[in-house]
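Chains, contacts and geometry: an overview
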Amino acid sequence: SDATALRAEMLPPGPPPDGPRRGVSGVELARVRLRAPGRLGVDGADDWMGGARLIVVDPETGALRVADYAGEPEPGSLRPAEFAVEAVESLKGVNLGSWLIPEHDYAVVTNESLCEYTERVGAAKSSRVMEEHLSTFVTEADFDWMASHGVNTVRVPLGWWNVLHASELPDPGTSKAWTSFAPSPEVSMAAIGQALDWAAHRRMSVLLDLHGGPGGQNGKDHSGCHGVAEWHEHSVNNSLLVISALMERFGDHDALWGVELLNEPGDLSTAPLEDEMRPMLLQYYEAAYAIIRSHRPDVAVVFCVLYWFDFWAWAGQLREPRYYNVVTDYHMYTAFDGFDGDSPDSMVEDAARAFGCRLMQHAYHHPAVVGEWALAVDRWGQKVKQGYVDAQLTSYNSSLGSYFWTYVMDGDAGESSREQPRAAESSREQP
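These figures come from a predicted structure and were not determined experimentally.

Check the secondary structure of the chain and you find 8 helices and 14 strands. For the chain, contacts bridging at least 24 residues in sequence account for 71% of all contacts bridging at least 6. Taken as a whole, the chain presents about 18500 Å² of accessible surface, with 51% of it coming from carbon and sulfur.

Here is the structure:
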């Protein structure tokens, strides 16, 4: 039938059969049914029981199709396609990078990974320094500034050690990656809760991101311990306990938009490729999804796919109707994607076109979010500024929005939103 002739009907108020659902913005969803034109019913109306052809969901493939409908129940479990409809505000976000997990590229606290720093200076000094850093690097004044510049969400990268003590892990390893780092879970969780409160008071949302998984999922300094990647060598129960603890503490918080299950799993050098880890990742994601849904039906469950050649492998996983509000996080870094135009302008165009196409290709199977992007562009460096920002933000239109990396830093990598013009609608002169 003519797609333009599809009709939408609002369903009566009330929860769907499997319980109330809220969308990515936390608002209870409206529900609609779609139908295609067909025979008139006995009362002359093209109604549901009078012979109209319905748009139905194929239970095997999830695809929509027009079904003949003559007043009898659909065969098998085919059912009228009911859709939850929500007006979603675009995410205009920044990362609070190097707040809970210092990264060597940004010369925040140390130019080492956190486990190397702790090993060198000792646990007592590491705790003193990190607690001071945690209380001063991001403050309530920063949330005032972000809200006043149009930032409506923040992504908070955190490590497992910010949530649990090493002694609480059910299946730990023995390397230095499995030791507790500073700040302690007590101090860290209080700070995370404070950030959620600051966000809520400004009608901002928060994405909690497990950036450092137990044992390290990619061997990078931002997973806690440079050169060590042992996440895949142990059971997923370590990470599930972290997710459970986060939801028990913050699951009911009004500002909680989503939980990212694991940042950038797999790597090309120090850890197994993602495809080697994928069965274990899927097992973890499915179990973590169940934990999150046991606390909240509406929180976005976010999983990260690091490399573009792995994108398609997830197209058929974690799909509706069994899994809903599942969002894929893509990281769009021009500097790391091999773009090398003849001029700053041509490189900006090439990057924006490629990123936009990737998001359009993959947003059909899961809602997409750009969890990280930056101004670093390799060859042309700081020559690319506002034109790059505008082109990138336009290319992200097929996604739910984006989080700029990063909000503030002490180093000179050219990636701080407080230093760059209108990045993610945020600019602030360096104090």
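For strand β12 (residues 326–332), the tally of buried residues reaches 7 of 7 residues, placing the bulk of the element in the interior. What you see with β12 is no split at all: Val326, Thr328, Tyr330 and Met332 on one side and Val327, Asp329 and His331 on the other are buried throughout. Bridge count between strand β11 (residues 300–305) and β12: 5 bridges; the pairing is parallel. Looking across to β12, one finds that Val301 is bridged to Val326. Relative to strand β13 (residues 368–373), β12 is paired through 5 bridges, and the arrangement is parallel. Bridging from a neighbouring strand, Met332 pairs with Trp373 of β13.

Right, let's talk about the confidence of the model for the chain for a bit. When pLDDT is averaged along the chain, the result is 78; 70% of the residues meet or exceed 70. A low-confidence stretch, residues 1–6 stays under pLDDT 50, and its non-local contacts, those more than four residues away or across chains, total 8 contacts. Ignoring residues within four places in sequence, the model shows residues 67–81, a span with pLDDT below 50, making 38 contacts including any to other chains.

The next thing to look at is the pairing of β11. Note on strand geometry: in a regular strand, side chains alternate between the two faces of the sheet. Along β11, 6 of the 6 residues are buried, which leaves the element largely enclosed by surrounding structure. The pairing of strand β10 (residues 256–260) with β11 spans 3 bridges and is parallel. The residue of β11 that forms the bridge with Gly258 is Ala300.

What follows deals with the pattern of salt bridges. Enumeration according to the criterion identifies 11 salt bridges in this entry. Between Arg202 and Asp144 there is a salt bridge whose closest N-O contact spans 2.7 Å. Placement of Arg202 in the loop between α4 (185–201) and β9 (205–212) and of Asp144 in helix α3 (residues 140–148) is noted, with a sequence separation of 58 residues between them. Overall, the relative accessible area of 18% leaves Arg202 in the buried class. The exposure class assigned to Asp144 is partly exposed, which follows from its relative accessible area of 42%. A salt bridge links Arg155 to Asp209; the shortest N-O distance between them is 3.2 Å. With Arg155 in strand β8 (residues 153–159) and Asp209 in strand β9, the pair connects residues that are 54 residues apart, well separated along the chain. Here Arg155 and Asp209 have matching classes, each one buried. Taken together, the shared-partner salt bridges in this structure form one network comprising Arg155, Asp209, Glu260, Asp329 and Glu372.

Before going further, it helps to spend a moment on α4. Here α4 is 17 residues long and its end C-alpha atoms lie 24 Å apart, about the 24 Å a rise of 1.5 Å per residue gives. Summarising the contacts, the buried residues of α4 are in contact with α2 (123–136), α3, β8, β9, α5 (237–250) and β10. Of the residues one or two after α4, Arg203 is the one with positive phi, at around 60°.

This part covers the packing of α5 against helix α6 (residues 274–295). Contact pair α5 / α6: the axes reach a minimum separation of 10 Å and the direction vectors enclose 15°. When the axes of α5 and α6 are compared, the pair comes out roughly parallel. Like other packed secondary-structure pairs, α5 and α6 cross with a definite hand, here right-handed. Contacts between α5 and α6 involve Ser239, Leu240, Ile243, Ser244, Met247 and Glu248 from the first element and Tyr284, Ala287, Ala288, Ile291, Ile292 and His295 from the second. A per-class count over the contact of α5 with α6 returns 8 nonpolar, 3 polar and 1 charged.

Once that is clear, we can look at the nonpolar core. One recurring pattern in soluble globular proteins: nonpolar side chains tend to sit buried together. Counting residues in hydrophobic clusters, the biggest one holds 96 residues, and the most contacted among them are Trp99, Phe143, Met146 and Tyr284. The element contributing the most residues to this core is α6, with 9 residues. Those residues in contact with Phe143 that sit more than four places away from it in its chain are Leu96, Val138, Val154, Ala195, Trp198, Ala199, Arg202 and Met204. Trp257, Val302, Val369 and Leu400 belong to the second-largest nonpolar core, a separate cluster that totals 9 residues.

Reading around the barrel, the 8 strands line up as β7-β8-β9-β10-β11-β12-β13-β14 and close back on themselves, with parallel pairing between neighbours. Averaged over all pairs of adjacent strands, the angle between their axes in this sheet comes to 30°, without regard to strand direction.

Applying the stated criterion to the full structure yields 14 aromatic pairs. Taking the centre distance of 5.7 Å and the plane angle of 65° together, the rings of Trp231 and Tyr284 count as edge-to-face. Here Trp231 is found in the loop between β9 and α5, whereas its partner Tyr284 is found in helix α6, with 53 residues between them in sequence. As far as burial versus exposure is concerned, Trp231 and Tyr284 are alike and both buried.

Looking now at the state of the cysteines. Across all of its chains, the model carries 1 disulfide by this definition. At a sulfur-sulfur separation of 2.0 Å, the disulfide partner of Cys115 is Cys225. Measuring the twist about the S-S bond at about 70°, one finds the Cys115-Cys225 disulfide to be right-handed. Taken together, the residues Cys115 in helix α1 (residues 114–121) and Cys225 in the loop between β9 and α5 connect sequence positions 110 residues apart. For Cys225, a relative accessible area of 2% puts it in the buried group.

A few words now on the environment of Pro272. Among the secondary structure elements, Pro272 is positioned in the loop between β10 and α6. On the accessibility criterion, Pro272 (15% relative accessible area) is buried. Measuring from C-alpha to C-alpha, the distance between Pro272 and Gln217 comes to 8.9 Å, with 55 residues separating the pair along the chain. Pro272 has contacts with His232, Gly266, Asp267 and Met277, leaving out every residue within four places of it along the chain.

Conventions and cut-offs
- Residues numbered from 1 in each chain as written.
- Predicted model: local features only at pLDDT ≥ 70, side-chain atom pairs only at ≥ 80, totals over all residues.
- Heavy atoms only, no water.
- Helix = DSSP H or I, 4+ residues; strand = E, 2+ residues; numbered from the N terminus.
- Contact = heavy atoms within 4.5 Å.
- Areas by Shrake-Rupley, 256 points an atom, 1.4 Å probe, with all protein chains shown as cover.
- Buried < 20%, exposed > 50% of the residue type's maximum accessible area, 1.4 Å probe, protein only.
- Pairing = 2+ DSSP bridges.
- pLDDT = per-residue confidence, 0-100.
- Salt bridge = Lys/Arg side-chain N within 4 Å of Asp/Glu carboxyl O.
- Expected span 1.5 Å × (residues − 1).
- Axes fitted to C-alpha atoms, helices over the stretch in contact; angles between N-to-C directions.
- Parallel < 35°, antiparallel > 145°, perpendicular 65-115°, else oblique.
- Left-handed = near helix turned anticlockwise from the far one by under 90°.
- Nonpolar A, V, L, I, M, F, W, Y, C, P; charged D, E, K, R; others polar.
- Core = buried A, V, L, I, M, F, W, Y, C linked by side-chain atoms within 4.5 Å.
- Phe/Tyr/Trp six-rings, centres within 6.5 Å; stacked < 30°, edge-to-face > 60°.
- Disulfide = S-S within 2.5 Å.

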